[in-house]
Structure formats: C-alpha cells, structure tokens
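The residues making up each chain are set out below.
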Amino acid sequence: MAAAAESGARAWLSGGSPRPGSPTSSPELGAGSRSRLGPGSGPGSGIERPGARPPGPSAPGHSFRKVTLTKPTFCHLCSDFIWGLAGILCDVCNFMSHEKCVKHVKTPCTSVAPSLVRVPVAHCFGPRGHYKRKFCAVCRKGLEAPALRCEVCELHVHPDCVPFACSDCRQCHLDGHRDPDTHHHHWREGNLSSGARCEFCRKTCSSSDVLAGVRCEWCGVQAHSVCSAVLTPECTFGRLRTMVLPPACVRLLSRNFSKMHCFRISESAAPEPGDGDDGVDGSAPAGPGKEVAAPESSKQTLKIFDGNDTVQRNHFRVISVPRLARSQEVLEAALRAYYITEDPQAFQLQALPPPTQAGDADTEALGKVWSGGTAEDEGSRGPGSRDVPEAWVIRALPRTQEVLKIYPAWLKVGVAYVSLRVTPQSTAQTVVLEVLPLLGRQDEGPEGFQLLEVLMGSRQVQRMVLADEELLLGRLQAIRQTSLRQMSQTRFYVAERRAVAPRVSLFVGGLPPGLSPQEYSSLLDEAMSLKAGLVSMSHVYSSQAHEAAPRLLPSSCVCEPQKRRPQGPRSALQFPEAAEPAPGLRADQRGASAWVPCFRVLVCGGDGTVGWVLATLEEVRHRLACQEPAVAILPLGTGNDLGRVLRWGAGYSGEDPFSVLLSVDEADAVLMDRWTILLDAQEAGGGEGSVVDAEPPKIVHMSNYCGIGIDAELSLDFHQAREEEPGKFTSRLHNKGVYVRVGLQKLSQARGLHREIRLQVEQQEVELPSIEGLIFINIPSWGSGADLWGSDSDSKFEKPRMDDGLLEVVGVTGVVHMGQVQGGLRSGIRIAQGSYFRVTLLKATPVQVDGEPWVQAPGHMIISAAGPKVHMLRKAKQKPRKAGNPRDARVDGEPAPEGDSK
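Scoring rules and cut-offs
- Residues numbered from 1 in each chain as written.
- Predicted model: local features only at pLDDT ≥ 70, side-chain atom pairs only at ≥ 80, totals over all residues.
- Heavy atoms only, no water.
- Helix = DSSP H or I, 4+ residues; strand = E, 2+ residues; numbered from the N terminus.
- Buried < 20%, exposed > 50% of the residue type's maximum accessible area, 1.4 Å probe, protein only.
- Contact = heavy atoms within 4.5 Å.
- Areas by Shrake-Rupley, 256 points an atom, 1.4 Å probe, with all protein chains shown as cover.
- Pairing = 2+ DSSP bridges.
- Axes fitted to C-alpha atoms, helices over the stretch in contact; angles between N-to-C directions.
- 1 Å grid on protein atoms, 1.4 Å probe; cavity = no way out; pocket = protein on both sides within 12 Å on 5 of 7 lines; lining within 4 Å.
- Points joined across faces, edges and corners; volume = space filled by probe spheres on them.
- Polar contact = N/O pair within 3.5 Å; in protein donor to acceptor, adjacent residues only side chain to side chain.
- Core = buried A, V, L, I, M, F, W, Y, C linked by side-chain atoms within 4.5 Å.
- Salt bridge = Lys/Arg side-chain N within 4 Å of Asp/Glu carboxyl O.

**Topic: the overall build of the chain**
At step 1: Looking only at helices and strands, one finds 16 helices and 43 strands in the chain.
At step 2: Here the chain, with 902 residues, has 53% of them falling under the buried criterion.
At step 3: In the chain, 71% of the contacts between residues at least 6 apart in sequence involve partners at least 24 apart.
At step 4: As displayed, the chain has an accessible area near 40,800 Å², and 52% of this comes from carbon and sulfur atoms.

In structure tokens, the structure reads:
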C-alpha cells in the first residue's frame, strides 16, 4: 500500500532519505501514502480528472492541472515569472509552477502533509498581527488581513486555515521514538527574510511574490527547494549548537488517557472578515458570521461542513460552483475545500436543513443526498437545476472494510507505518497481534503493547489509549462522522505499555506565606478534593526578600534525558522577569539542568531578577550536574547596573534573539563577589540583648550595592509609586523621570544620617563625615551607570574590582550630590574599603539592596562575603574601543574558567 512518491516526500520533510534496505516498496510495510492523488482519483477508482497530470515521485500529493492565467503569476518552485497564458496548478493547495518545474517539485501538498509528520509537535500561535509580504503555509496565498504566526517555528497562516495546519512545529523531543544519533534538517517552506541566500548555489532564495525557498528550523540554513536535496541531510544545529539540547536528548512522557477519561478539543476556526479566495477553482474559506459576496449569475455559492463538529459550531467553508455543475463536480469542490484527496466515490453530500428544521445532526439522512457519482433526487445535474439548500455536509459512506495505517511508537528513519486491512470484527487487540510480527516483535507478548489514537491538531496533540475490545472500523466511522478533517490528522500507534503513570511537576503560587509544610500540604489536599491522593508536595520555596514575587506560572511537563548525551553541549536556560527560577532548576531533578554537564543561564530582567536567580542557583547547586553555571543578562530593568558592567548594555532595545544567544555563547566567564547581609533588628533604644518587640533576624544577598539613607529613600518612594499604579511603569524613560521627580521633592530635606548610624570596618570604628547616604558598592556602576567611587588613583585604597573580595564604602551629602554624580561632575566621598562591616542603626532607616528597598528597624546590619564567587558572563567586545572613557577602562574582573570557584 506504500507508494514511492511519498517516500521522497518524507525525505524532503525530515531532511533525509530512507535507510538503505528499508522496505519502502513492500505491500505491507512502507513510507508512503496514496497510490493515486487528487480528489478525482483514488485507490481502485480508475478515474482521473480531465486535464489532470500525474505529479510523479517528486511531487507528493498534488493534484496538478493546466490552467489559463489571467493575471501575472510566479512559480512557487523557482519563484520566476510564468510567461505565457498557461501554468500548472494544484487544485487542492494552490501550488503554481511552470510546466518544466513540475517534475522537480518536492514540497508536499497540504492534503498529505499530516501523514508526513514524524514527531507531532503542536504550534504556539501568538495574537493576530499584520505580516506584510508573507504567505499562508496552508493555502499559499498572501496574508493581507490579520493573520497568525507560530512563535516557535514562524509558521504563518490565515485564521481560518489554522485547523488545516498539521502539528509539524519544530521537533523538540523524541516522544518515545528511537531515532539514530544524527538529526536531519527540519525544513520550513517560504517566508524567508529578504536577501536570504541559498546555502548551495549562493543565489537569492527568498521571494516577496510567492511562498518559495526553505529554511531549517534548527540550524537556520536557507536554500532553494531544489537545492535543499543536494545539501547534506544531517543538521548541525547551526551556530548555537553548543547551546542547543538536541531532540534526541529529550523524551516527552506522554500523558495517555483511556477513552473514558479523554475528550477531543475542537480547533475553532476564527476567520477574519474580508478574506476572499481568488483561486482558479472558485472555492473560498468562510466561517461563522462571514458575509458571502453575491455570486455571478452563472454560479452558485454553497456552505460546506465536514461533520457534526463544524455543524454544531457553525464553522463552514464556502465553495462557488457553476449552477449547472454535475453532482460529482460539486462533491470534488467540497472535498478540495477541506483538503481531502481521497476517492470521491467514498463520500456523499447531505443537505443541511434550515436551523428551525434541523434535527439531530448525527442522523444519517439530513435531507437530499448527493453522492460521488449520482444525485438521487436531482438527476445528473447539480444544485443549479432546482432550488436546493445552500448548506451541505460531507459524509463518508459506510465501509465494510478499510486499510488502516499503524505507526510503531519506536519509529525509525525510513519506516513509517504498517498497512492492515480491518473488518467489522477487528479490535485494537487483534490489530496489535497482527502488527507485532510485521515489526519484528513477534517474540514479545501482545499484553505488553497497546494501541494509541493520536490527533495531530495544529494547536494541540491529543493522545488516547484504545481499549483492547475497541472495534476499529466503528471507531474510524465515528471519527469521520465528527470531522473528516480530524480523520486526516489522526494516527494510530502501537506502543509499549507503561506500568508507571507519568508525573507532571507544577509550581503553585499565591499561597499564604509563613505556613509550615504540613499546613501547605493540607491546603493542597483541600484544593484537589477527590484527587488529593494523586498529588504530593516536594518542596516549599522560601520567599525571603522577594515576597512580592509573581504568582502565576505555567505547568511544566516532565522530560527525561536519553542515555545518549550530546557531545559537549553548553545549553542555555532562560529566566524571564515573571518566572520563579526555582521550579525550572529544582522541581524536577530528572530535567536537563540535573544532568547537562555544562550550561549557561540567560536572565531576562533587571538586577533584582539576576540576584533572585543567583540565590536560587546557590540553593540548588548541589543537585545540578553543572554546579557553577555562568549567568548572562538581557537587561530589562530600570538601572541595569550589573548589565552595564558586564557589557550587556543599559537596556534591551529590540535586538534579534539569535544575536543575543550568539553573544551569550561568545561571552567570557568572569568571577564576581557575592555578599551576605544579616539584618538583626533590636528594640528601639534597647541594648544588644533586648528582644522585646524585635523582628526576627533575616538574611539577604547582595551583588551590586547596598544603600542606607537618601538613595534608599528615593528607591522606596519609587517602589511605592509603582505598586500603586504598575501599569504606568512600563518604560525605562518614564521610570527615570519618576526618579527625578521624587528626588526634587527631597531637595529641602536633611536628616543627618551620620548621627543616626555607626560603622565598623574590619572590627575598627570608622568616623563618618556629614552625609545623607551611605553606600556599599561591589561593582563600578551605581544609579544607572554612574561611577560613584571615581577613577582617580588613591594610595589609601586598592583599585576596585568586582572579584577582589572587597567592598567600597562611599558617602553622598544629599540629592544634589547624587545628581552631580549622575552627571559625571563629581564622585562620592570615599570612606572605607574592606571585607567585613557592621552597621548599627539607631533609628528606623530606609535600606535598599540591589534595588529592593524597605524600612529597616533599629538594630545591626552585618555585611560579609557569601562564600564562593559566582560566575557571570561578560559580553565580548564587538570592536576595539578608543581609550579615554573611564567607565570602559575599568577592569571588571579576570576571565575565569566555568566551573571554578575561588
């Protein structure tokens, strides 16, 4: 049942070719799909459409015919203009080409694309947007109205074409498959960037006129469709290969449910008003609430549904056919509208009564019936001969037997499926018994295997375990009754049974702080009610100084590394501002961070987020294979002082994510001191031994600086303003403006901080000058890039470094002094330098650590080193810079090998 035509198609999609010696031409085991292609021909029908031309082995699934061109048209293969009046068009997917190019077409038709997917991976479509000079990957037409784009693989589709896109997103796991160590290219067609050049011929391979050219989703190699077959099929993962975890290293634990626990999630079509169709066949997609233009007098417009699901949701497609069209022509047009290329003889059209008269949509006879070759009450003519309903449902005729494709869950390159003939007596158990010998597993007991039904929708991949007694012929009929489109996207796998149920790790936020583990467990049991016995709590993460952390987090699927580990990977874990880092590193010890020997961390956020991640790394490092991962920064905060020092810039300005990751890969590892601050509050006016009304001691960590006094007060006022109206604080420029306004309000205030605190450095009392703020700095950047210490040499102090084990203590006299420092006119007042400090607060005083402010009660603050130095990543210089800029000339730290600590 396998055809050599689709063997080439599968090789095109996966980037490889069948293994030598694989049984691609066997009548039972194959890598193909249909022996006949196009809605006018099918297995055993012996019928070919007038004017249709067989596509040959290189054009899988297309139904080509010669058409007369009425407007300028370009070839979808070579992207050149089609001269003359004739072109070759696929009736199903609108692929247009020169007659000479047809034999070179390797792009599969949309109708067979689901059957070519090796590992189903759902797409992640973002919000609708306008994409100029982009084309839909399903119908191949321009995206003139707002369209959707997959945020992972950049698949572009019309909103009403989404249900017809298959789950062929970037392959990111094996899903139980046992592929070889080599990974093949994952080609995505068209929508290349302007100026893209072919990897083989070095000529331009992009086009702004048609969907042409291909790009590998993993390594980024771009090529002409024809040239892609000449390239080496193995993918090297491109420039970022040292940071990529290949799919061969990750296996997704599928959550397989039995039929009684499983339900299908319908993919609703959401068409945009005004989406027309100028295809040669006259068909056009439409949906609920869509206005259909008045047809020409010689044509009639019909609404077509593909099953009960679309009828219930009133999601239809529109076809325009001649009023005198024969019933078979109407049926073929309806099948093309749903990208169905099976034999029309196996289908019929049932009239859908008006809503007031419509009864049960599940009944077999909804009204008048058009079959593939006859019109029972319409003679040989179509709808134009009499007044007929405008809405019709495509129905599959009952079948006494059917050829079913069974895919092994341990799929290998070159072997796609086993074809079996099922009868009304065939059950899931009998199919497994028949399949195992064909797959070479005859020596294993059938009780160790099960049959899976997998719906490969574009938005989700749904798996269901069929019961052993499930009648498959009835199951296929039920699926077709629900949706013919879903039938084309459904596969059946034979897989090994798993005795252990898969686990899903969830992070639950928003719970009351300060409770015991037992109390948290009781809350979870109460929330889960009947399913409490299925849930266990593994860890409670203390919030410490980050009690205002974001509360909403997505669930994380459990991934297991395969025994084969990549050769020398350096993967990158990314933490955005709104994500708790602990679950990503610790919740699942079997995850990538627990076994990858070397990885880097990219923190997308401000300095506070960086400190948050560093604290978590310190907490879980003993559970990581890479106990000293280096940390890079994508600066999204307001000040971003640490990002400035490490050359990541003052803030993110829209750089391409690829260039950001490239910079992370090329960055140098440097060491940075990390400091612990013990806050031991005492009763106001009491001695050290007083415990009346005292706050419990707590510990915070510091990477950048710690401020006491006026700068912390400004930070606190800003923080409170942001808490009151967070929606206004989305711009760094606005945030800095608020800082300036708050500072101007403090110009007339003076409190004499030097009379309210005491400072000891290395057990020695230090006399403080008249100051309003005392700042401990670890890096040569403060307050959005200001050089508080100054660049002048001083024999009393050592030259500051971020890894020298010393903190610099600087004083400021007020808001005016701080403004002068910000403008580069002055520096701070140098007070001390050391590795151990004790500050005594005589009254409640504002304090801030790395931008996190609060009011600290009277008591003691002890600042000391926090153990091993942390590994940071300093961005490599792009160009040699001219000398003279003191900020660039500062030595931030010597490069250090990743994994070492001092």
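Resuming the write-up.
**A closer look at the sheet that holds strand β41 (residues 852-856)**
For sheets, the rule is that strands pair by backbone hydrogen bonds, running either parallel or antiparallel.
At step 1: Read across the open sheet, the six strands follow the order β38-β37-β36-β33-β40-β41; overall the sheet is antiparallel. Sheet topology places β38 (829-834) and β41 at the edges, where each strand pairs with a single neighbour. Going across the sheet, the axis of each strand differs from the next one's by a mean of 20°, ignoring polarity.
At step 2: Contacts from helix α13 (residues 710-724) reach β33 (705-709), β36 (773-777), β37 (807-812), β40 (845-849) and β41 within the one sheet, and its direction differs from that of β33 by about 95°.

**Some thoughts on empty space enclosed by the protein**
At step 1: Under the definition given, this model contains 10 cavities of 30 Å³ or more.
At step 2: Its boundaries defined by the atoms lining it, the largest cavity holds a volume of some 310 Å³.
At step 3: In terms of lining residues, the largest cavity is bounded by 20 residues, among which Ala113, Ala137, Asp168, Arg188 and Glu189 are the most central.
At step 4: At the level of elements, α1 (4-14) and β8 (187-189) are the ones that each hand at least two residues to the lining of the largest cavity.
At step 5: Residue contributions to the lining of the largest cavity peak at three residues, all from β8.

**What to know about the sheet that holds strand β10 (residues 222-223)**
At step 1: Read from one edge of the open sheet, three strands run β8-β9-β10, paired in antiparallel fashion. Looking at strand neighbours, the two that pair on one side only are β8 and β10, the edges of this open sheet.
At step 2: When strand β9 (residues 214-216) meets β10, the two strands line up antiparallel, connected through two bridges. Bridged to Arg215 within β10 is Gln222.

**Notes on the side chain of Asn704**
At step 1: Examined against the element boundaries, Asn704 turns out to sit in the loop between β32 (698-702) and β33.
At step 2: Within polar-contact distance, the side chain of Asn704 engages the side chain of Asp607 at 3.0 Å.
At step 3: Once residues lying within four places of it in the same chain are set aside, the contact partners of Asn704 are Asp607, Leu642, Phe776, Ile777, Asn778, Ile779 and Asp850.

**Quick notes on the pairing of strand β39 (residues 836-841)**
As a general feature of sheets, a regular strand has side chains that alternate between the two faces.
At step 1: Relative to β39, strand β34 (residues 757-761) runs antiparallel, the two being bridged by five bridges. Its bridge partner being in β39, Val761 is matched across the sheet by Phe837.
At step 2: As judged from the six bridges shared by β39 and strand β42 (residues 859-865), these two strands associate in the antiparallel manner. If you follow Phe837 over to β42, its bridge partner there is Ile863.

**Digging into unusual backbone geometry**
At step 1: The phi torsion at Ser784 lies on the positive side, around 70°, for a residue other than glycine.
At step 2: By the element assignment, Ser784 lies in the loop between β36 and β37.
At step 3: Despite not being glycine, Asp850 has its phi angle at roughly 50°, a positive value.
At step 4: Along the polypeptide, Asp850 turns up in the loop between β40 and β41.

**Observations regarding the nonpolar core**
At step 1: Counting 60 residues, the largest nonpolar core has Val138, Val157, Ile304, Ile319, Phe347 and Ile394 as its most contacted members.
At step 2: Contributions of two or more residues to this core are made by β3 (64-68), β4 (86-90), β14 (299-305), β15 (317-322), α4 (327-337), β16 (347-351) and β18 (391-396).
At step 3: Per element, the largest residue contribution to this core is six residues, and it comes from α4.

**Side note on the pattern of salt bridges**
At step 1: In total, this model carries 22 salt bridges according to the counting rule given.
At step 2: Of the charged contacts in the structure, one is a salt bridge between Asp665 and Arg239, with a shortest N-O distance of 2.7 Å. Here the residue Asp665 occupies a position in helix α12 (residues 657-666), and Arg239 occupies one in the loop between α2 (225-228) and β11 (250-252), the gap between them amounting to 426 residues.
At step 3: Arg239 gets classed as partly exposed once you look at its relative accessible area, which sits at 37%.
At step 4: Asp468 is the salt-bridge partner of Arg497, the closest N and O atoms lying 3.1 Å from each other. You can see Arg497 sitting in the loop between β23 (490-496) and β24 (504-505) and its partner Asp468 sitting in the loop between β22 (461-465) and α6 (472-482), a full 29 residues away along the chain.
At step 5: Judged by its relative accessible area of 35%, Arg497 falls in the partly exposed class.
At step 6: On the basis of relative accessibility, which here comes to 33%, the residue Asp468 falls in the partly exposed class.

**Some details on the environment of Glu402**
At step 1: The topology assignment puts Glu402 in strand β19 (residues 402-408).
At step 2: Separated by 22 residues in sequence, Glu402 and Pro424 place their C-alpha atoms 9.4 Å apart.
At step 3: If we ignore the near neighbours within four places in the chain, the residues touching Glu402 are Leu420, Arg421, Val422, Leu473, Leu476 and Arg480.

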